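Breakdown of the fold
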Amino acid sequence: MKKIVAILVTVLITASVFSQSPLKISYQRVIRNSSDQLVTNRYVRMQISILQGSVDATPAYVETQIKRTNANGLASILIGEGVIVSGCFANIDWANGTYFIKTETDPTGGTSYTTSRTSQLLSVPYAFHARTAETFTITETDPVFKAWDKSTSISIRESQIRQFTSYLTSEVDSSVTNELQALTISHDTIYLSNGGFVKLPAAETTAETDPFFSAWDGDYAELINTPAVPDGSETKVTAGTNITITGDGTTASPYVVNEKTLTIGQSYQGGVIFWLDETGQHGLIAATTDQSTGIQWYNGTERYTGTETNVSDNGLYAGAMNTVMIVATQIADNQAGNFAAKVCTNYYVIDNGITFGDWYLPSKYELNLLYQQKDVVGGFDSTIYWSSNEVNNYNAWGIDFASGTRDFFYKSNERHVRAIRAF
């Protein structure tokens, strides 16, 4: 059996500490084949194991990743974001013993891994554990900071201690022990926590009796230019986006405000909503059924269409442009032929008298969003679905809707297709 030799040139490991979990380790290596030649501009599959205690220990964590090498044969990954084989990266106790990293690579992109090297992780990754020393626990239950209580715990970082001064109205000893904070406001007097009080000037109390502006101390008739009888002109209500207002504001016909809201899983514009943006009014819709249960990605000729993930935009709404590029490039190969992108562009739905015909083959990113909501949308088979992103002349990306695994397959394979559209 031909032995593949992957030579580790350099390993750069840094603790990437984000504001939220998960943490990741940046890792780079140069890939060579058995002839000591660089494996450049190709997708390779890597299996990474974290070993605890010794180089022969059972892995505490294992994941796999598919990455493309650059012109120098260098592959860069973030350990912690791959497809998990076993263990949990976030649960590794970095303070408990010595850890080693084991890398195995198949330069052809398959699963015939060749162990290249096992190296000890040094001090940098243990910055993950050091984060736990940044906090201490204090307790506070009252909404205004007057004194420490004992029933509710909150966690504050050392770096935030200096920010306490922004929460204090007045401070006499540069600490958080004897702050002057208003406890009670009663009419024209402010009582302080140190036993003192402040009297408001008489002019401030002649027209208003309550300490905060919470109600008029007169009546409606004191307002200027008021109508003889309330008729709705005293209050104007303007409708906004996706808001309707009925009524004329009178006692007989009061205003009624209705907001139109959208939700994940809702039937809308010929399909089912599976993603919404932060406004809740725009997002992505999936067709209710598959457009094909077995169709090839290409149109009979293995060619490059320009939708490779590091060339085209692999994010939100990218599938629409990818689909245009695929159809424009491949339709000349066989005008009567049918393929994954074309069945999406040919699809249309008439909903409430409106024709929706702007469907497309989702990008790899959009297809993953659809997989996450597959049970909400419904109608999917436990098999592989095509995305609109290719790898090269011969392969394109797909997702296994049984496991969520993302992988690339020959464009000549027949896979399922589910069209989506943006709104």
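Summary of the structure given here. Positions within a chain are numbered from 1, following the residues in the order the chain's sequence is written. For a predicted model such as this one, the threshold for reporting local features is a pLDDT of at least 70, and the threshold for listing and counting side-chain atom pairs is 80 or more; totals across whole chains, interfaces and linings nevertheless cover every residue. Only hydrogens and water are removed before side-chain values are computed, so all heavy atoms of the structure are retained for them.

A look at the overall build of the chain
Strands here mean DSSP runs of E at least two residues long; helices mean DSSP runs of H or I at least four residues long; both are numbered from the N terminus. Counting its regular elements, the chain contains five helices and 26 strands. A 1.4 Å probe rolled over the protein chains alone gives each residue an accessible area, and that area as a share of the maximum for its type sets the label: buried under 20%, exposed over 50%, partly exposed in between. Scored against the burial criterion, the 423 residues of the chain give a buried share of 38%. Note on definitions: a residue-residue contact is assigned when non-hydrogen atoms from the two residues lie within 4.5 Å. Of the contacts made within the chain by residues no fewer than 6 positions apart, 54% connect residues no fewer than 24 positions apart. Total accessible area on the chain stands at roughly 23,600 Å², and carbon and sulfur atoms take up 51% of it. Each accessible area is a Shrake-Rupley result for a 1.4 Å probe, and residues are judged covered by the shown protein chains and nothing else.

Remarks on the environment of Ser292
Looking at where Ser292 falls in the secondary structure, it is placed in strand E19 (residues 292–295). Expressed as a C-alpha distance, the spacing of Ser292 and Arg418, which sit 126 residues apart in the sequence, is 7.3 Å. When neighbours within four sequence positions are excluded, Ser292 is seen to be in contact with Arg415, His416 and Val417.

Description of the packing of aromatic side chains
Side-chain rings of Phe, Tyr and Trp (the six-membered ring for Trp) are treated as a pair once their centres are within 6.5 Å; stacked means planes under 30 degrees apart, edge-to-face means over 60, and tilted covers the remaining angles. Following the criterion strictly, the structure yields twelve aromatic pairs and no others. Between Tyr43 and Trp397, the aromatic rings sit 5.7 Å apart at their centres with planes inclined by 80°, giving edge-to-face as the arrangement. With Tyr43 in strand E3 (residues 43–52) and Trp397 in strand E23 (residues 395–400), the pair connects residues that are 354 residues apart, well separated along the chain. Here Tyr43 matches Trp397 in class, with each residue buried. Ring centres of Trp397 and Phe408 lie 5.6 Å apart, and the angle between their planes is 85°; on these two criteria the pair is classed as edge-to-face. Residue Trp397 is located in strand E23, and its partner Phe408 is located in strand E24 (residues 406–410); the two are separated by eleven residues in the primary sequence. Each member of the pair, Trp397 as well as Phe408, is classed as buried. Feature note: the residues Tyr371, Phe380, Tyr385 and Phe401 constitute an aromatic cluster, connected by ring pairs. When the NZ atom of lysine or the CZ atom of arginine is within 6 Å of a ring's centre and also within 35 degrees of its normal, the charge is said to sit over that ring. The side chain of Lys364 reaches across the aromatic face of Trp397, ending 3.7 Å from its centre. Residue placement shows Arg418 over the ring face of Phe380; its charged tip is 3.8 Å from the ring centre.

Focus: the pattern of salt bridges
For this document, the term salt bridge refers to a Lys or Arg side-chain nitrogen within 4 Å of an Asp or Glu carboxyl oxygen. Here the structure, examined in full by the defined rule, presents seven salt bridges. The salt bridge involving Asp36 is made with Arg32; its shortest N-O contact spans 3.9 Å. By relative accessible area, which is 45% here, Asp36 ends up partly exposed. Take Arg32: its relative accessible area is 23%, and that puts it in the partly exposed class. Linking Arg421 and Asp358 is a salt bridge whose minimum nitrogen-to-oxygen distance equals 2.7 Å. With a gap of 63 residues between them, Arg421 in strand E26 (residues 420–422) and Asp358 in the loop between strand E21 (354–356) and helix H4 (364–372) connect regions that are remote in the sequence.

Observations regarding the environment of Ala57
Its location among the elements puts Ala57 in the loop between E3 and strand E4 (59–68). Once the C-alpha coordinates of Ala57 and Phe100 are considered, the two residues, 43 residues apart in sequence, prove to be 9.2 Å apart. The contact partners of Ala57, leaving out residues within four places of it in the chain, are Leu51 and Gln52.

A few points about the sheet that holds E26
Pairing between the strands of a sheet comes from backbone hydrogen bonds, and it takes one of two forms, parallel or antiparallel. Any two strands with at least two DSSP bridges between them are considered paired. One open sheet accounts for four strands, arranged E16-E17-E18-E26; its pairing is antiparallel. The open sheet has two edge strands with one neighbour each: strand E16 (267–268) and E26. Looking at chain direction, strand E17 (residues 271–276) and strand E18 (residues 283–286) are connected through four bridges and run antiparallel. Note that in E18 the partner of Trp275 across the bridge is Leu284. Helix axes use the C-alpha atoms of the stretch in contact, all axes being lines fitted to C-alpha atoms, and the angles between their N-to-C directions lie in the range 0 to 180 degrees. Its contacts with the sheet place H4 against E17, E18 and E26, and it is angled at close to 105° to E17.

Bear in mind that shape data such as this cannot, by itself, settle questions of function.
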